[in-house]
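Commentary on secondary and tertiary structure
Residue strings, one per chain:
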Amino acid sequence: MKKLTKQILLYLITSLSVIGIWKILTSTDNYAWSPEGKELLMLEIALNAIFFYKSIFWLVTVNLIVCGLLQLRKKNFRTAGVVVALILTYHFFVGKVIDNKCAFHYYSVFQNQSVAEGYIVRPIEEAGYEIGPILTGKIEKKEMKSRVYAMLGLQRINYKPAIETMKRILLDSSENVEYRANAYEFLRTVESDKSKQVIKDYKLRATDSVAKEVVRFGEYFYGSR
């Protein structure tokens, strides 16, 4: 009975720790330094959703790990092996579902946060690869809020499917030089034969002053990050 109580207490402490960590990580204070209008409400909605999905996912993961460790301690190696296989399967398949569920909410955080410049891209990095399709679909809209940082975020998560979109921005003469230079930087940074070819072709055709300025700024951004 005493042994069972200890095990229950261990699971309880583990679960409370997971909940506490994700409560801290999804606190609005991390993203709302000087909110305006509905920003705080939108942040709360998005962060509550992220907290729900992430805490449920990690509660299961961490408690499975505890279970596996307890089985190892008892030298039940076969059972421990089954638990490890279950953890890996759960982490891979369910993890992708959770990341997909959270991607839109991280995008909402990105759009409604009020933080210093150095932290603006953080929600994109936290969301990871799954936020890529959302950002790629948004950056072609010239009125997008924090558009430059969305482009930088795609670069940080190395989202290669955005190459075509970045190419269109780079070649669009109606675009601001800054955005074209950021698209150039993305294509210069992403390691792909396709992006290298786009950069090579653009440099060969960069004969007018604007195109040369795009290359100059693009190379500067690429070298300074």
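In this report, the structure presented in the accompanying data block is examined. Predicted, not measured: the structure shown is a model, and the values here were computed from it.

Here we come to the packing of helix α2 (residues 39-73) against helix α3 (residues 77-112). At their nearest, the axes of α2 and α3 sit 9 Å apart, and the two run at 170° to each other. Judged by the inter-axis angle, α2 sits roughly antiparallel to α3. Broken down by class, the residue content of the contact of α2 with α3 amounts to 26 nonpolar, nine polar and four charged.

Turning our eyes to something else, we now look at the nonpolar core. Ranked by size, the top nonpolar core spans 54 residues in total, and within it Phe110, Ile131, Leu135 and Leu154 carry the most contacts. Sorting elements by how many residues they give to this core places α3 first, with eight residues. Setting aside residues no more than four positions away along its own chain, Ile131 makes contact with Ala103, Tyr106, Tyr107, Ile124 and Ile157.

Moving on: helix α7 (residues 163-171). Looking only at α7, the buried set comprises Ile163, Thr165, Met166, Ile169 and Leu170. Considered in projection along α7, the buried side chains sweep an arc of 160° and stay on one side of the axis. Those residues of α7 that are buried lie in contact with α5 (132-138), α6 (147-156), α8 (177-189), α9 (193-205) and α10 (209-224).

In total, this model carries ten aromatic pairs according to the counting rule given. Between Tyr107 and Phe110, the aromatic rings sit 6.4 Å apart at their centres with planes inclined by 40°, giving tilted as the arrangement. Of the two residues, Tyr107 and Phe110 both sit in helix α3, three residues apart, roughly one turn of that helix. The pair Tyr107 / Phe110 is uniform in exposure class, with both members buried. Cluster of aromatic residues (ring-pair linked, three or more members): Phe57, Trp58 and Tyr90. The ring of Tyr222 carries the charged tip of Arg188 above its face, separated from the ring centre by 4.2 Å. In this structure, Arg216 packs its charged tip against the face of Phe217, placed 4.7 Å from the ring centre.

Across the interface, α7 lies against α8 with an axial gap of 8 Å and an inter-helix angle of 140°. Looking at the two axes, α7 sits oblique to α8. With respect to the hand of their crossing, α7 and α8 are arranged in left-handed fashion. Of the residues in α8, those in contact with Ile163, Met166, Lys167, Ile169, Leu170 and Leu171 of α7 are Tyr179, Arg180, Ala183, Tyr184, Phe186 and Leu187.

Another point: unusual backbone geometry. One non-glycine residue with positive phi stands out, namely Ser146, at about 55°. Position of Ser146 relative to the elements: it lies in the loop between α5 and α6. Residue Asn158 is not a glycine yet carries a positive backbone phi of 55°. The class of Asn158 is partly exposed, set by a relative accessible area of 37%.

Now for α2. Here α2 contains 35 residues, and its C-alpha end-to-end distance of 49 Å stays within 8% of the 51 Å for a straight helix at 1.5 Å per residue. Immediately downstream of α2, the backbone of Lys75 shows phi near 65°, a positive value.

Criteria and thresholds
- Residues numbered from 1 in each chain as written.
- Predicted model: local features only at pLDDT ≥ 70, side-chain atom pairs only at ≥ 80, totals over all residues.
- Heavy atoms only, no water.
- Axes fitted to C-alpha atoms, helices over the stretch in contact; angles between N-to-C directions.
- Helix = DSSP H or I, 4+ residues; strand = E, 2+ residues; numbered from the N terminus.
- Parallel < 35°, antiparallel > 145°, perpendicular 65-115°, else oblique.
- Nonpolar A, V, L, I, M, F, W, Y, C, P; charged D, E, K, R; others polar.
- Core = buried A, V, L, I, M, F, W, Y, C linked by side-chain atoms within 4.5 Å.
- Buried < 20%, exposed > 50% of the residue type's maximum accessible area, 1.4 Å probe, protein only.
- Contact = heavy atoms within 4.5 Å.
- Arc of directions from axis to C-beta.
- Phe/Tyr/Trp six-rings, centres within 6.5 Å; stacked < 30°, edge-to-face > 60°.
- Lys NZ or Arg CZ within 6 Å of the ring centre and 35° of its normal.
- Left-handed = near helix turned anticlockwise from the far one by under 90°.
- Expected span 1.5 Å × (residues − 1).

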